[in-house]
Amino acid sequence: MKVDFYTSKREYNENKKEFDDAVINVMQAGIATLGKEVVDFEKSIEEFTGAKHAIAVASGTDALILASDILGFENGKEVITSPFTFLASTSCITRRGGKPVFVDIDEETFNIDTNKIEEKITKDTVGIVPIHLFSQMADMDKIMGIAGKYNLRVLEDAAEAFGMQWKGTGAEYSHAGTIGDFGVFSFFPTKTIGAYGDGGMIVTNNDELASLARMYRVHGASKKYHYDYIGYNSRLDTMQAAILQVKMKYIRENIKKRETVANWYFDRLKGCEAIKFATLKGNQNPVYYVFNILTEKRDELAEYLKKNQVQFSIYYPIPLHLQKCFSYLGYKKGDFPVTESICGKILALPIYPQITEMEVDFVCETIRNFFK
Ligand SMILES: Cc1ncc(COP(=O)(O)O)c(C=O)c1O
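Quantities reported herein were computed from a predicted structural model and do not represent experimental measurements. (Residues numbered from 1 in each chain as written. Predicted model: local features only at pLDDT ≥ 70, side-chain atom pairs only at ≥ 80, totals over all residues.)

J.: A description of the site of the ligand should follow, citing residues and the corresponding values.
T.: Every one of the 15 residues lining the ligand counts as a neighbour, but S59, G60, T61, A159 and S186 are closest to it. Elements represented by at least two residues in the shell around the ligand include exactly α4 (60-70) and α5 (88-94). Class assignment for the residues of the shell around the ligand results in five nonpolar, seven polar and three charged. (Near = placed C-beta within 6 Å. Helix = DSSP H or I, 4+ residues; strand = E, 2+ residues; numbered from the N terminus. Nonpolar A, V, L, I, M, F, W, Y, C, P; charged D, E, K, R; others polar.)

Here it is, written out as structure tokens:
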């Protein structure tokens, strides 16, 4: 049996007419950048996440760049983040000369180790970029506590975290992205809510920051051809917004299905000594965007899965502090031992709402056979 890591075709076929109509309606209505569909989709995101403002942009990467610019990550100012993530979480800090300062991750959650943040704060520190990876959020109680104490801005990289909720010691759950000054989502096709191309969203509860983000996505213009800032051309495509709006109708159901798939994996791989999973920490509701296993024999297992036509992914094989593009920061091998160790053991199994129980059974059986 061949098992895809992800395919968009099943979801398309489930709701073909709705997707087709959404796209055709955009064409029939005539060309419009930031059209009605974009505004409607922003409203849906505000309603779903509870954010006061949602500003749709061209990608999660752009969302991070715009937010970093607005928060003043520039000219040697230091921003604390973790090296176990996708490039865009850190490259956004460097666009205007901000300096990423890495902190190692927690070995059980893979998110920033909040116990190690304070020792990295200097007079030049201006912000923290926590990344909510794979299925769970970073400890937002600790992060907001530190940010308050040192007057730092918080940009939540919630690119992978759509639908995750943090309660911590608070009274209510808050959606990922809505706790810091800014939060960002990615609508890359494989994401919990994914477009048929690129897309992203900035969310904030701050009126002033929201108004700046709206300007920055249209070249920094307060009104047409009046440029208050040097911004970007980063608009969510109206066609993608129409598609994403269809997907919002099914988002709760799809998040639930991801949980069901994760539980199939937990159940079928239970007792397999050679495999470890992440541990959920803090009072929060996870969303299984990615399902990872950890094993000392990761590379051998990867070869075996390939041979048996089970697709997988490795997030992330090389940590950011060891990437060539960041060599100027002066980090070396051994600086972040937890991150480096996890990079050598982690492997992501196929998970998406339409994957079947039979496929998950096959994946788990293949893994068990490998370890026999
Ligand atoms: C943690 C993280 N940050 C940022 C991004 C960038 O998002 P995009 O691919 O939409 O530019 C991604 C997604 O790929 C991501 O996983």
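After presenting the structure, the write-up continues.
J.: With reference to specific residues and values, describe the domain arrangement of the protein.
T.: How large an interface is tends to be reported as the accessible area lost when its parts come together. Assigned domains of the protein: these are domain 1 (9-102 + 110-248) and domain 2 (251-371). In this structure, domain 1 and domain 2 have C-alpha centres spaced 24 Å apart. With 30 residues of domain 1 at the interface, the matching set in domain 2 holds 24 residues. For the side of domain 1 that touches domain 2, the secondary-structure elements that each account for two or more residues are α1 (9-14), β3 (99-102), β6 (165-166) and α8 (238-248). (Domains from an automatic or database assignment. Contact = placed C-beta atoms within 7 Å.)

J.: For helix α12 (residues 357-371), give the residues involved together with the corresponding values.
T.: Between its first and last C-alpha atoms α12 spans 21 Å; for 15 residues at 1.5 Å apiece the expected length is 21 Å, and the two agree. Here α12 has its buried residues at V360, V363 and I367. Mapping the buried residues of α12 onto a view down its axis gives an arc of 60°, with all of them on the same face. Residues of α12 that are exposed and point more than 90 degrees away from the buried face comprise E357, M358 and N369. Residues of α12 that are buried sit in contact with α9 (251-269), α10 (298-307) and β14 (346-349). (Expected span 1.5 Å × (residues − 1). Buried ≥ 20, exposed ≤ 12 C-beta atoms within 10 Å, placed from the backbone. Arc of directions from axis to C-beta.)

J.: A description of the sheet that holds β6 should follow, citing residues and the corresponding values.
T.: Backbone-to-backbone hydrogen bonds pair the strands of a sheet. The strands run either parallel or antiparallel. Read from one edge to the other, the open sheet built from three strands follows the order β7-β6-β12, with strand pairing classed as antiparallel. Each edge of the open sheet carries a strand with a single partner, namely β7 (174-175) and β12 (284-285). (Pairing = 2+ DSSP bridges.)

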